[in-house]
Amino acid sequence: MQMDIKKIARSLRIRLSDAEIAEFEKDFARLDELSGIFADLPSYISNIPENPDSFSGAALRPDEPNDGQTMGRDELLANAPKLSKDKTMAAVPRTV
Amino acid sequence: MDITRMTAAALSKELASGRLSSVELVSAELQRIADKNGETNAFITVCADESLKAAGEADRRRADGRVLSYLDGIPIAVSDNIMTKGVKTTCASKMLQDFIPPYDAAAVEKLKSAGLVIIGKTNLDEFAMGSSSEAAAAAADFMTPLALGSDTGGSLRQSAGLCGVYGFRPTYGAVSRYGLAAAASSMDTVGVMARSVRDIRLLCDIIYGGDIRDASSINIKLTEGGKPDFSSMSFALPDELFANAGKNAISAAEETAAKLAALGMTRKTLCLSSLKYAPAAYIIISCAEAASNLARFDGVGYGYRSEEYDGINELFENTRGEGFGQEVKQRILLGGCALSADFKEKWFFKANAARALIKAELDEALSDIDIIVSPTSANPAGNKTSGNIFDTDIALIPAPLAGLPALSIPAGLCGGIPTGIQLTSARRRDGLVLNIAERLFETEAGR
């Protein structure tokens, strides 16, 4: 399947030169070829969950010990930044 | 003795004895930077006035008996993708060329609370997409005894290996990512560089810890109870991490293996067949996350804004087209493709499945084997690191994909260029990695 790099660039709001588009088309083809290795994934793991979580690669497993000091959902919510009056921006500096 | 060549631990003793003041130390490092930065371009910003002021405060605290930590008054360089309040933080990007953060990163807060003196901000590939080599160069060229950097796909470890210093990537989450400019959030890790293992440990003791502002952060104890019983431990050198490795890298790894065996550790065989998926999985996931994270740079809230535009859409497109460099645009484009309706199942979902397989294999292996030994870079030392994501090194990416701690150790010269050996262990076993490295090199003084 071919990817329309111009279309993707537009949706990502990036203006590209023709030379850049040609270069990225090559990158796309290279990654498409590289990802062909996934055809070898064992069937038991290639059943992809509906909502795969990138963080699952590094986060704690359910059976891993939690020392009790790692934050839970309730604590996170209790300490969540409060919205400012206009409700458009959290009342803390934005993280870059 | 040239004080710029001493380790942080040795400098701390000098400060405690009163033979050296922090102002003298920081002044010497600033002079070294003035002499050398023209060659290495290691620093983007040098905090001369601020660091001398902070050093003076450290000296006054010491005189009053109010020392904040073992490293109080010791200078440190901070990578320019880690927020420092009131000090320009550019991520080496035109997009943030004049950005001055209104807050400190969590790790920087901890450094300041412990009395360390931030001497400057070190250079890097744009948004750390490639290398942290200048932080490593600053430590290697004696411009600072300590450096704080970041490791997403191995940039910190590779740079440390190629510069002949120690570089440590902690377990994912061990150090808060609050205030670290996000590149690939599920792999981004704040890490440390130094000229001795002891210095790495001292610095980790300060910056480790859970943080309410980073939901992925966890608490890890660096000190394991009692003396480690190496005779009950094992290690392995999996072939998959030696792909393309040169003779010298292989012999350095074998030398390390011999030292581990001499400690009483058992060598085991290990096959990590799932690593064949690692390069594709790493490229797709890291690009997808970068595309998402860098969407915030649009010329509206802060940062660079194009001067020529007609309407809001053109403002976005021109700003991002002009503000980002080639490598960053490459990753955003590839990430955008990976997340597109046409390709997310073929690329992104498969990459996550492959990552789960890799993580499961590594978890299982590291439940039986304590340490994996490999070259820091599987590619021969001296090959230029391009920053192009397709040049990703197989030895560097298992740790980020599985959230593992990994330490690059200087392993001598290869064709006149430093090379490194990497020790990797299971999540939360950061203390073990440092214990073993200290034991292996305890008789060798830091450079």
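Small disclaimer: the values here were computed from a predicted structure and weren't measured. (Residues numbered from 1 in each chain as written. Chains lettered and ligands numbered in written order. Predicted model: local features only at pLDDT ≥ 70, side-chain atom pairs only at ≥ 80, totals over all residues. Heavy atoms only, no water.)

Enquirer: Where do I start with the overall build of chain B in this structure?
Expert: Each helix and strand counted, chain B has 14 helices and 11 strands in total. Against the 2.2 N^0.38 benchmark of 22 Å for 447 residues, chain B shows a C-alpha radius of gyration of 21 Å, consistent with a compact globule. Seen along its three principal axes, the alpha-carbon backbone of chain B occupies a region of about 65 × 55 × 45 Å. Expressed as a percentage of the 447 residues in chain B, the buried residues total 65%. Roughly 15,100 Å² of accessible area belongs to chain B as shown, and the carbon and sulfur atoms make up 49% of that amount. Separation between the mean location of the 46 positive side-chain charges and that of the 54 negative ones in chain B comes to 4 Å. (Helix = DSSP H or I, 4+ residues; strand = E, 2+ residues; numbered from the N terminus. Rg over C-alpha atoms; globule rule 2.2 N^0.38 Å. Buried < 20%, exposed > 50% of the residue type's maximum accessible area, 1.4 Å probe, protein only. Areas by Shrake-Rupley, 256 points an atom, 1.4 Å probe, with all protein chains shown as cover. Lys, Arg positive; Asp, Glu negative; His and termini not counted. Charge placed at Lys NZ, Arg CZ, Asp CG, Glu CD.)

Enquirer: Can you walk me through the sheet that holds strand β6 (residues 189-194) of chain B in this structure?
Expert: Note on sheets: strands pair through backbone hydrogen bonds, and any given pair is parallel or antiparallel. Residues and elements named next belong to chain B. Across the sheet, which stays open at both edges, the 11 strands sit in the order β1-β3-β2-β4-β6-β5-β10-β11-β9-β7-β8 with mixed pairing between neighbours. A strand with exactly one partner marks an edge of an open sheet, and here the two such strands are β1 (43-46) and β8 (266-268). Here the average twist between neighbouring strands, direction ignored, is 30°. Across the sheet, helix α3 (residues 48-63) touches β1 and β3 (117-122), and the angle it forms with β3 is around 160°. (Pairing = 2+ DSSP bridges. Axes fitted to C-alpha atoms, helices over the stretch in contact; angles between N-to-C directions. Contact = heavy atoms within 4.5 Å.)

Enquirer: Looking at this structure, I do not really get the packing of aromatic side chains. What am I missing?
Expert: The geometry of an aromatic ring pair comes down to the distance between the two centres and the angle between the two planes. Residues and elements named next belong to chain B. Inspection of every chain in the model, using the stated rule, returns 10 aromatic pairs over all chains. Judged by centre distance (5.1 Å) and plane angle (50°), the rings of F127 and F297 are tilted. A residue pair is termed long-range when its members are at least 10 positions apart, and F127 in the loop between β3 and α5 (133-140) and F297 in the loop between α9 (278-293) and α10 (312-323) qualify at 170 residues. On the basis of an interplanar angle of 65° and a centroid distance of 6.1 Å, the ring pair of F127 and F324 is categorised as edge-to-face. Pair noted here: F127 is in the loop between β3 and α5 and F324 is in the loop between α10 and α11 (326-339), with a separation of 197 residues, a long-range link. (Phe/Tyr/Trp six-rings, centres within 6.5 Å; stacked < 30°, edge-to-face > 60°.)

Enquirer: Which parts of the structure should I look at to understand the nonpolar core?
Expert: Generally speaking, nonpolar side chains in soluble globular proteins are found buried as a group. Residue and element names in this part refer to chain B. The biggest cluster of nonpolar side chains holds 147 residues, and the ones touching the most others in it are L148 and I207. Sequence-distant contacts of I207, that is, excluding residues within four places in its chain, are made with A107, K110, L111, L148, A174, V175, V190 and V192. Membership of the second largest hydrophobic core comes to 22 residues, among which are A77, A137, L156 and M193. (Core = buried A, V, L, I, M, F, W, Y, C linked by side-chain atoms within 4.5 Å.)

Enquirer: When you look at the environment of G167 of chain B in this model, what are you seeing that I'm missing?
Expert: For G167 of chain B, the position within the fold is in strand β5 (residues 166-169). Those residues in contact with G167 of chain B that lie beyond four places of it in its chain are L156, R157, A160, V192, M193, A406, L407 and S408 of chain B.

Enquirer: I would appreciate a short explanation of helix α2 (residues 18-34) of chain A in the present structure.
Expert: Residue and element names in this part refer to chain A. Between its terminal C-alpha atoms α2 stretches 24 Å, which fits the 24 Å expected from 17 residues at 1.5 Å a residue. Within the span of α2, buried status applies to E20, I21, F24, D27, F28, L31 and D32. One face of α2 carries all of its buried residues, which in axial projection span an arc of 135°. Across from the buried face of α2, at angles greater than 90 degrees, the exposed residues are D18, A19, K26 and E33. (Expected span 1.5 Å × (residues − 1). Arc of directions from axis to C-beta.)

Enquirer: I tried to follow the confidence of the model for chain A on my own but got confused; where do I start?
Expert: Do not read the predicted coordinates in detail wherever pLDDT is low. All names here are of chain A. Mean pLDDT over chain A: 66, with 45% of residues reaching 70 or higher. When mean pLDDT is compared element by element in chain A, α2 scores highest at 92, while helix α3 (residues 73-78) scores lowest at 56. A low-confidence stretch, residues 48-70 stays under pLDDT 50, and its non-local contacts, those more than four residues away or across chains, total 48 contacts. Across residues 83-96, confidence stays below pLDDT 50; counting only partners more than four residues off in sequence or on other chains, it has 30 contacts. (pLDDT = per-residue confidence, 0-100.)

Enquirer: Just to check I follow, could you spell out the pairing of β6 of chain B for this structure?
Expert: Note on strand geometry: in a regular strand, side chains alternate between the two faces of the sheet. All names here are of chain B. With 6 of 6 residues buried, β6 lies mostly within the body of the structure. Alternating residues of β6 divide into T189, G191 and M193 and V190, V192 and A194, and every residue in both groups is buried. As defined by bridge partners, strand β4 (residues 146-151) adjoins β6 across 6 bridges and the pair is classed as antiparallel. Following the sheet pairing, D151 is matched in β6 by T189. Judged from the 3 bridges that link them, β5 and β6 form a sheet pairing that is antiparallel. Bridge pairing links F168 to V192 in β6.

Enquirer: Explain a negative patch on the surface to me, please; I cannot follow it from the model alone.
Expert: Together, E307, E308, D310, E314 and E322 of chain B line one region of the surface with negative charge. Tracing the chain through its elements places D310 of chain B in the loop between α9 and α10. (Patch = residues over 30% accessible without salt bridge, like charges linked within 9 Å, V, L, I, M, F, W, Y side chains within 5 Å. Salt bridge = Lys/Arg side-chain N within 4 Å of Asp/Glu carboxyl O.)

Enquirer: What's the story with the packing of α9 of chain B against α11 of chain B in this structure? I'm lost.
Expert: Think of two packed helices as two axes; the pair is described by the angle between the axes and how far apart they sit. Residue and element names in this part refer to chain B. Interhelical geometry of α9 versus α11 gives an angle of 100° and a closest axis separation of 7 Å. As far as their axial angle goes, α11 and α9 are roughly perpendicular. Residue-level inspection shows I284, C287, A288 and A291 of α9 in contact with α11, the latter providing R331, I332, L334, G335, G336, A338 and L339. Residues that form the contact of α9 with α11 fall into these classes: 8 nonpolar, 2 polar and 1 charged. (Parallel < 35°, antiparallel > 145°, perpendicular 65-115°, else oblique. Nonpolar A, V, L, I, M, F, W, Y, C, P; charged D, E, K, R; others polar.)

Enquirer: It is not clear to me how the pattern of salt bridges should be interpreted in this structure. Could you clarify?
Expert: Oppositely charged side chains may form a pair once their charged atoms are brought near each other. Residues and elements named next belong to chain B. As enumerated under the stated definition, the model contains 23 salt bridges over all chains in all. With a shortest N-O distance of 3.2 Å, D64 and R66 are connected by a salt bridge. For R429, the salt bridge goes to D370, with nearest N and O atoms at 2.7 Å. Here the residue R429 occupies a position in the loop between β11 (417-424) and α14 (430-441), and D370 occupies one in the loop between α12 (344-368) and β9 (371-375), the gap between them amounting to 59 residues.

Enquirer: Even after reading the chapter, I still don't get the side chain of S69 of chain B, so can you show me in this structure?
Expert: Residue and element names in this part refer to chain B. Structurally, the position occupied by S69 is in the loop between α3 and β2 (75-79). Residue class for S69 comes out buried when judged on its relative accessible area of 18%. At 2.7 Å, the side chain of S69 and the backbone oxygen of A114 are in polar contact. Residues within four places of S69 in sequence aside, it is in contact with A114 and I206. (Polar contact = N/O pair within 3.5 Å; in protein donor to acceptor, adjacent residues only side chain to side chain.)

Enquirer: Any chance you could explain the pairing of β2 of chain B here in plain terms?
Expert: Residue and element names in this part refer to chain B. Among the 5 residues that make up β2, 5 are buried, leaving the element largely enclosed by the rest of the structure. Burial of β2 is two-sided: the residues P75, A77 and S79 facing one way and the residues I76 and V78 facing the other way are all buried. Summarising the sheet, β2 and β3 pair through 5 bridges and their orientation is parallel. Its bridge partner being in β3, S79 is matched across the sheet by T122. For the crossover from β2 across helix α4 (residues 106-113) to β3, the handedness is right-handed. (Right-handed = clockwise from strand over helix to strand, strands pointing away.)

Enquirer: In this structure, what is going on with the environment of N352 of chain B? I would like to understand it.
Expert: Residue and element names in this part refer to chain B. Counting through the fold element by element, N352 comes out in helix α12. The class of N352 is buried, set by a relative accessible area of 8%. Put simply, N352 and C287 are 65 residues apart on the chain and 13 Å apart in space, counted from C-alpha to C-alpha.

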